[in-house]
Amino acid sequence: MFSFIHCADIHLDSPLRDLERYEGAPVERLREAGRRAFENLIDLALEREVAFVLIAGDLFDGDWEDFGTGLYFSSQVAKLRREGIRVFVVHGNHDAATNITRHLIWPENVHVFKSETPESVVLDEYETAIHGVSYKHRAESRNLAKEFPTRVAGHFNIGLLHTSLDGREGHESYAPCSTDDLVSKGYDYWALGHVHKREVVRQKEPWIVFPGNLQGRHIHEEGPKGCTLVHVEDGRVAGVQAVELGAVRWKILEIPWENTDEGDLLEQVGRCIEEEIAEAPDGLLALRLKLSGVGFANFDRSLKASWLLQQLRAVATDRGGGQVWLKDLRFLSTNPPESIEKLAGFSDHDGELMQTLVDYRPEKEEKAELYKIVEEIRNKLPVETFANDEFRRKLDPEGLDDMLDDAKQLLLSRFFTMTADHETS
């Protein structure tokens, strides 16, 4: 019997997004979250005395100004080398042929699979064969799964692949393949990467698993993050366990607010924060707070939203013991169409338009078109516009949802302001 770790999408030293500073915010701990999560992975491997570690792509996040990231990785896996634990890596779309992967001298216990065709490594001591292939270029469009070799007889066979499989929401289609393509190889376990949300695609031979990314990097990667611990007995998968390793857990916390008593609201938020922080690793939590209800209209229209955010951050700092970072505050209107129409005070058409804004959820195709428009605008902006790195990152595909939310909030706020002007005129 032996165990191994399957992880993916580490994106080592990739910065967490939009880390706005305010008094009492644990910003430095947030900035170090990626490395802390990786150290947790190393500690788990040592504690469980695993046979090997599999990294299914995107170990790194692209090129960096120096090799500090690569040297940090080497220093950590050296701890595994001293205990005889090997590491097997394939490159994905983010770390294919980067300066780091081209020039880094890999530790002797790390095997990086080549990018031409899939290759196999046989571990006789565990009667295991690991088959894998790296990306040569970022946009890998080939069905790499079809090129994998047949199983090695008498061995536990693992396929290591960075792929979108048959497509996953929010992820580019790289190395696309079908579940049948994987099953046809006769392997026992497929260790996949690329999809940042954990998913067990198939729970029998062959097991097909996306472990999700090691550490969430922004609010759209909320919830527990970590790796998969696989136990093998008598040449078969005996158990598959999700292990949380992320140093920071992202969470969207929605709280109903049906009145304008700020004191009650602050107390309610404080209680919710205490409940959430009890479940977060090391108690460190990154929050987006959404208030839903008719109170939305009153507060946003009176321009007190910024003041309320600061009050809530004070509550988060106090009740969270300095372990909570409140990213931002959003408002969700729960007014039915009749209420919105009455609130608008104008025509039925205006009421319908406001309800359309509240209910709007763009489809995947619409998002793709919107991103093209954003890219066109970005290309026309002067270079100095991007001196603010946080602003630049808001223009990537992962930040598009935030941009759409901001636009919706702005438009609704304008409607409410027009309503107030109309009522007083």
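Placed above this text is the structure.
Let us look at the structure shown here. Keep in mind it's a predicted model, so treat the numbers as computed, not measured. Residue numbers here run from 1 along each chain, matching the order of that chain's written sequence. Only residues with pLDDT of at least 70 are given local features in this predicted model, and only at 80 or more are side-chain atom pairs given and counted; all residues enter the totals for whole chains, interfaces and linings. The basis for every side-chain value is the complete set of heavy atoms in the structure, and neither hydrogens nor water enter the calculation.

Helix and strand counts for the protein chain come out as 13 helices and 15 strands. Think of it in three bands: residues with accessible area under 20% of the maximum for their type are buried, residues over 50% are exposed, and the middle band is partly exposed, with areas taken using a 1.4 Å probe on protein chains only. Of all 425 residues assigned to the protein chain, the portion counted as buried reaches 52%. Any two residues whose heavy atoms approach within 4.5 Å at even a single point are treated as in contact. Residue pairs at least 24 apart in sequence account for 72% of intrachain contacts in the protein chain once pairs closer than 6 positions are excluded. When the accessible surface of the protein chain is totalled, it reaches about 19,800 Å², and 49% of it is carbon and sulfur. Numbered from the N terminus, helices here are DSSP runs of H or I no shorter than four residues, and strands are runs of E no shorter than two. Surface accessibility in these figures is a Shrake-Rupley result with a 1.4 Å probe; residues are shielded only by whichever protein chains are displayed.

A two-sided burial pattern is seen for strand β10 (residues 207-210), the buried positions comprising Trp207 and Val209 on one face and Ile208 and Phe210 on the other. A strand pair is defined by DSSP finding two or more bridges across the two strands. Summarising the sheet, strand β9 (residues 199-202) and β10 pair through three bridges and their orientation is antiparallel. Its bridge partner lying in β10, Glu199 is registered against Phe210. The loop that links β9 with its antiparallel partner β10 comprises four residues.

Let's shift gears to the sheet that holds β10. Taken together, six strands build an open sheet; the order of strands is β5-β6-β7-β8-β10-β9 and the sheet is mixed. Lying at the two open borders of the sheet, with one neighbouring strand each, are β5 (119-123) and β9. This sheet shows a mean twist of 20° between the axes of neighbouring strands, independent of strand direction. Pairing analysis gives five bridges linking strand β7 (residues 156-162) to strand β8 (residues 189-193), with the strands arranged parallel. By the bridge assignment, Leu161 is partnered in β8 with Leu192. Note on geometry: axes are lines fitted to C-alpha atoms, helical ones only across the stretch in contact, with angles between N-to-C directions running from 0 to 180 degrees.

With that settled, consider helix α8 (residues 305-319). Multiply 1.5 Å by the residue count of a helix minus one, and that product is the helix's expected span. The end-to-end C-alpha distance of α8, which contains 15 residues, comes to 21 Å, matching closely the 21 Å that a straight helix rising 1.5 Å per residue would cover. Among the residues of α8, those classed as buried are Ala305, Leu308, Leu309, Leu312, Arg313, Val315 and Ala316. The buried side chains of α8 occupy one side of the element, clustering within an arc of 160° when seen end-on. The first or second residue beyond α8 is Gly321, which carries a positive phi of 60°. Working note: the arc is built from the helix axis to C-beta atom directions.

Each Phe, Tyr or Trp ring (for Trp, its six-membered ring) is paired with any other whose centre lies within 6.5 Å, and the angle between the two planes then decides the class: stacked below 30 degrees, edge-to-face above 60, tilted in between. The full count for this structure, using the stated rule, is 18 aromatic pairs. Summarising the aromatic geometry, the rings of Phe38 and Tyr72 are spaced 6.3 Å apart at their centres and angled 55° between planes, so their arrangement reads as tilted. Remark: Tyr72 occurs in helix α3 (residues 68-81) and Phe38 occurs in helix α2 (residues 33-48); sequence separation between them is 34 residues. Taken together, a centroid distance of 5.8 Å and an interplanar angle of 80° make the contact between Phe73 and Trp106 edge-to-face. Within this pair, whereas Phe73 is found in helix α3, its partner Trp106 is found in the loop between α4 (99-103) and β4 (110-112), the two being separated by 33 residues in sequence. Pairwise contacts between aromatic rings join Phe2, Phe4, Phe52, Phe88, Phe113, Tyr126, Phe156 and Tyr189 into one cluster. Here, over-ring charges are defined by two tests on the NZ atom of lysine or the CZ atom of arginine: distance to the ring centre within 6 Å, and angle to the ring normal within 35 degrees. Across the ring face of Tyr72, the terminal group of Arg35 is positioned such that the distance to the ring centre comes to 4.1 Å.

Before going further, it helps to examine the sheet that holds β4. Spatially, six strands are ordered β4-β3-β2-β1-β11-β12 in an open sheet, and the strand pairing comes out mixed. Two strands in the sheet have a free side with no partner beyond their single neighbour: β4 and β12 (236-244). The mean angle between the axes of side-by-side strands here comes to 20°, regardless of whether they run parallel or antiparallel. Pairing of strand β1 (residues 2-7) with strand β11 (residues 226-233) involves five bridges; the strand directions are antiparallel. In the strand pairing of β11, Ile5 is matched with Leu229.

Our focus in this paragraph is the nonpolar core. Counting residues in hydrophobic clusters, the biggest one holds 38 residues, and the most contacted among them are Leu289, Leu291, Leu308, Leu312, Trp325, Leu326 and Leu329. Looking at this core, the elements that each hand over two or more residues are α1 (27-31), β13 (249-256), α6 (262-277), β14 (285-292), α8 and β15 (324-332). Throughout this description, the term nonpolar core refers to a set of buried Ala, Val, Leu, Ile, Met, Phe, Trp, Tyr and Cys residues connected via side-chain atoms within 4.5 Å. Core analysis: the second largest hydrophobic core is formed by 29 residues, Cys7, Phe60, Val89 and Leu229 among them.

Attention now goes to the environment of Phe2. Examined against the element boundaries, Phe2 turns out to sit in strand β1. Sequence separation of Phe2 and Glu49 is 47 residues, and the distance between their C-alpha atoms is 8.8 Å. Discounting residues that sit within four places of it in the chain, Phe2 has contacts with Ala51, Phe52, Tyr126, Thr128, Val230, His231 and Val232.

Contact geometry of α6 with α8 gives a least axis separation of 9 Å together with a crossing angle of 40°. Our classification of the angle between α6 and α8 gives oblique. Every pair of crossing elements has a handedness; the one defined by α6 and α8 is right-handed. Here α6 contributes Glu262, Leu265, Leu266, Glu267, Val269, Gly270, Arg271, Ile273 and Glu274 to the contact with α8, which in turn contributes Trp307, Leu308, Gln311, Leu312, Val315, Ala316 and Arg319. Residues belonging to the contact of α6 with α8 are distributed by class as follows: nine nonpolar, two polar and five charged. Orientation labels follow simple angle bins: below 35 degrees gives roughly parallel, above 145 gives roughly antiparallel, 65 to 115 gives roughly perpendicular, and whatever is left gives oblique. Note on convention: the crossing is left-handed when the near helix lies turned anticlockwise from the far helix by less than a right angle, right-handed when the turn is clockwise. By the convention adopted, Pro, Cys, Tyr, Trp, Phe, Met, Ile, Leu, Val and Ala count as nonpolar, Lys, Arg, Asp and Glu as charged, and the other residues, Gly among them, as polar.

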